[in-house]
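Residue-level listing of the chains:
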Amino acid sequence: MSFDSLGLLPELLRAVREQGYEHPTPIQIQAIPLVLEGRDLMGRAQTGTGKTAGFTLPLLQLLAPHASSSASPARHPIRALILTPTRELAMQVEESVRTYGKHLPLRSTTIFGGVNINAQTKALRAGVEIVVATPGRLLDHQGQGNLNFSHLEVLILDEADRMLDMGFIRDIQKIIGLLPAKRQTLLFSATFTDDIKQLASKFLKTPATVEITPENTAAELVRQVVHPVDRERKRALLSHLITSRKLQQVLVFTRTKHGANRLSEQLDKDGISSMAIHGNKSQPQRIKALEDFKRGAVRVLVATDIAARGLDIDSLPNVVNYELPQVPEDYIHRIGRTGRAGTEGEAMSLVCVDEHNLLKDIEKLLRKALPKDVIQGYAPDPSIPAEPIQTGRQGGGRGRGPARAPRPSSGSAPRGERGRHPSRTSARGK
Ligand code: AMP
């Protein structure tokens, strides 16, 4: 299957060629023709499947006929809105819009919180066809009269499950209430939970469904291994693995922000350059950490799940689960940072006795047992009993069993990093 057979414009095919893509991914093969037909769509796919190009390419094509090279703002009304849960994802999606749309005269911008609003206001006033936004800041702009959705044709909800997890449902409903009823709506989500189905039944019209299951995505390309180890020896084992295997670019996941900071400091002490990225870091700090990591100035990036969500780091060779995630789906998101579209990667999980239930849940989701490899000198001491998992905070959670503390609710985090508080709108506008 080649891109040529998908019915895309020459300008888009050229951009795709320039990216070096040879073949469309399964989600692209399925989604692109449906979106071009004008259908509403529910896509079950996660990061790493090529879903962004799967919706961006046909979106650009739908908007291309009335694209104008005039400088007048009136010739550039908002015609598409892409909502994402986090600023990082918003930035990456917009980067894709620019990349694939570089031979078309369409304009795009990002709208997210945590940064000065004025530059965004200026971009909106100058006229822009495609807005990629997180919900909270978008509503701030609405409040300031910066948005006119009367020409909107397409709405895309990206990582809708995560937006619901983060408590954005009311904001999303409010935003959709501002949009013309006659529009095309696409919803992408890693899972189709009841909440997602309900959202879709409310806002999508007889949608087509496209499902890419974990089995045929990144998870398949990633070599996965579990290194059993004692709780207190994880840090030493991590340093040992990085040093002895000469790992150069390692993304390490911790469960809490505090844990990320502490681990990063300890790695530095071990002579391994690292940075932490999480919700308490300012936007410029996060961007800098990511850039330093991408260009190789920093060897290890320690991240929490929400901070790492949607990070697009091409061909990342190593992902380490320093602590297993509370929610099994997050494991798939994490390892999706490696083994992207065609490249192989390795995901190592350092698992202590406290995490055996979490590991079981993950293996159930993957429908396979992960290979275990005890590293010499780091064999777990079987006399150490399991302890409840520390998540750093109380509150929220999915009503899991007693050995599993709830997910952190991070109520004080900046917008786009909030916990599972349905009432988060009340905390907006800081
Ligand atoms: P996504 O799932 O949208 O986050 O995309 C994952 C990665 O795959 C990104 O780095 C894309 O640049 C890359 N990608 C998307 N489509 C293709 C393709 N058809 N061939 C190769 N790489 C691709």
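Thresholds applied
- Residues numbered from 1 in each chain as written.
- Predicted model: local features only at pLDDT ≥ 70, side-chain atom pairs only at ≥ 80, totals over all residues.
- Heavy atoms only, no water.
- Axes fitted to C-alpha atoms, helices over the stretch in contact; angles between N-to-C directions.
- Helix = DSSP H or I, 4+ residues; strand = E, 2+ residues; numbered from the N terminus.
- Parallel < 35°, antiparallel > 145°, perpendicular 65-115°, else oblique.
- Left-handed = near helix turned anticlockwise from the far one by under 90°.
- Contact = heavy atoms within 4.5 Å.
- Nonpolar A, V, L, I, M, F, W, Y, C, P; charged D, E, K, R; others polar.
- Buried < 20%, exposed > 50% of the residue type's maximum accessible area, 1.4 Å probe, protein only.
- Arc of directions from axis to C-beta.
- Phe/Tyr/Trp six-rings, centres within 6.5 Å; stacked < 30°, edge-to-face > 60°.
- Lys NZ or Arg CZ within 6 Å of the ring centre and 35° of its normal.
- Pairing = 2+ DSSP bridges.
- Right-handed = clockwise from strand over helix to strand, strands pointing away.
- Salt bridge = Lys/Arg side-chain N within 4 Å of Asp/Glu carboxyl O.

Undergrad: Before we go on, may I ask you to explain the packing of helix α11 (residues 234-244) against helix α12 (residues 257-269) in this structure?
TA: Pairs of packed helices are described in terms of their axes, by the angle between the two and the distance that separates them. Contact geometry for α11 and α12: axes closest at 11 Å, N-to-C directions at 50°. Between α11 and α12, the angle falls in the class oblique. Remark: the crossing between α11 and α12 carries right-handed chirality. Seen from α11, the contacting residues are R235, L238 and S239; seen from α12, they are L263, Q266 and L267. The residue inventory of the contact of α11 with α12, partitioned by class, reads 3 nonpolar, 2 polar and 1 charged.

Undergrad: It is not clear to me how helix α5 (residues 118-126) should be interpreted in this structure. Could you clarify?
TA: Given 3.6 residues per helical turn, the α-helix brings residues three or four places apart onto the same face. Residues of α5 that are buried: Q120, T121 and L124. Projected down its long axis, α5 shows its buried positions confined to an angular sector of 100°, all on one face. Exposed residues on α5 whose side chains face more than 90 degrees from its buried face are N118, A119 and K122. The inward-facing, buried residues of α5 contact β3 (108-111), β4 (130-133) and α6 (135-143). Following α5 by one or two positions, G127 adopts a phi angle in the positive range, close to 100°.

Undergrad: Looking at this structure, how should I read the packing of aromatic side chains?
TA: Given two aromatic rings, one states the distance between the centres and the angle between the planes to describe the pair. This structure, assessed with the given rule, holds 2 aromatic pairs. Sitting above the plane of the Y322 ring, K234 keeps its charged end 5.8 Å from the centroid.

Undergrad: What's the story with the pairing of strand β11 (residues 300-303) in this structure? I'm lost.
TA: The side chains of a regular strand alternate, residue by residue, between the two faces of the sheet. The alternating pattern of β11 places V300 and V302 on one face and L301 and A303 on the opposite face, and all of these are buried. Looking at chain direction, strand β10 (residues 274-277) and β11 are connected through 4 bridges and run parallel. Note that in β11 the partner of A276 across the bridge is V302. Taken together, β10, helix α13 (residues 283-294) and β11 form a β-α-β motif whose crossover is right-handed.

Undergrad: Got a minute to help me understand the environment of T110 in this structure?
TA: By the secondary structure assignment, T110 is in strand β3. As for T110 and V131, which are separated by 21 residues in sequence, their C-alpha atoms are 6.0 Å apart.

Undergrad: Mind showing me how you'd approach the sheet that holds β3 here?
TA: Pairing between the strands of a sheet is mediated by backbone hydrogen bonds and can be parallel or antiparallel. With respect to topology, 7 strands assemble into an open sheet ordered β3-β4-β2-β5-β6-β1-β7, the strand pairing being parallel. Strands with a single pairing partner mark the edges of an open sheet, and in this sheet they are β3 and β7 (208-211). Strand-to-strand, the axes of this sheet are offset by a mean angle of 15°, without reference to chain direction. In terms of strand pairing, strand β2 (residues 80-83) meets strand β5 (residues 154-157) through 4 bridges, oriented parallel. Each residue of the ladder has a partner; that of L83, found in β5, is L157.

Undergrad: Would you mind showing me how to read the pattern of salt bridges here?
TA: When the charged atoms of two side chains with opposite charge come close together, those side chains can pair. Within the structure shown, the criterion is met by 18 salt bridges. A salt bridge links D140 to R137; the shortest N-O distance between them is 3.8 Å. With D140 and R137 both in helix α6 and 3 residues apart, this pair spans about one turn of that helix. Residue D140 shares its accessibility class with R137, and that shared class is buried. Through salt bridges with shared partners, a single network forms among R14, E18 and K102.

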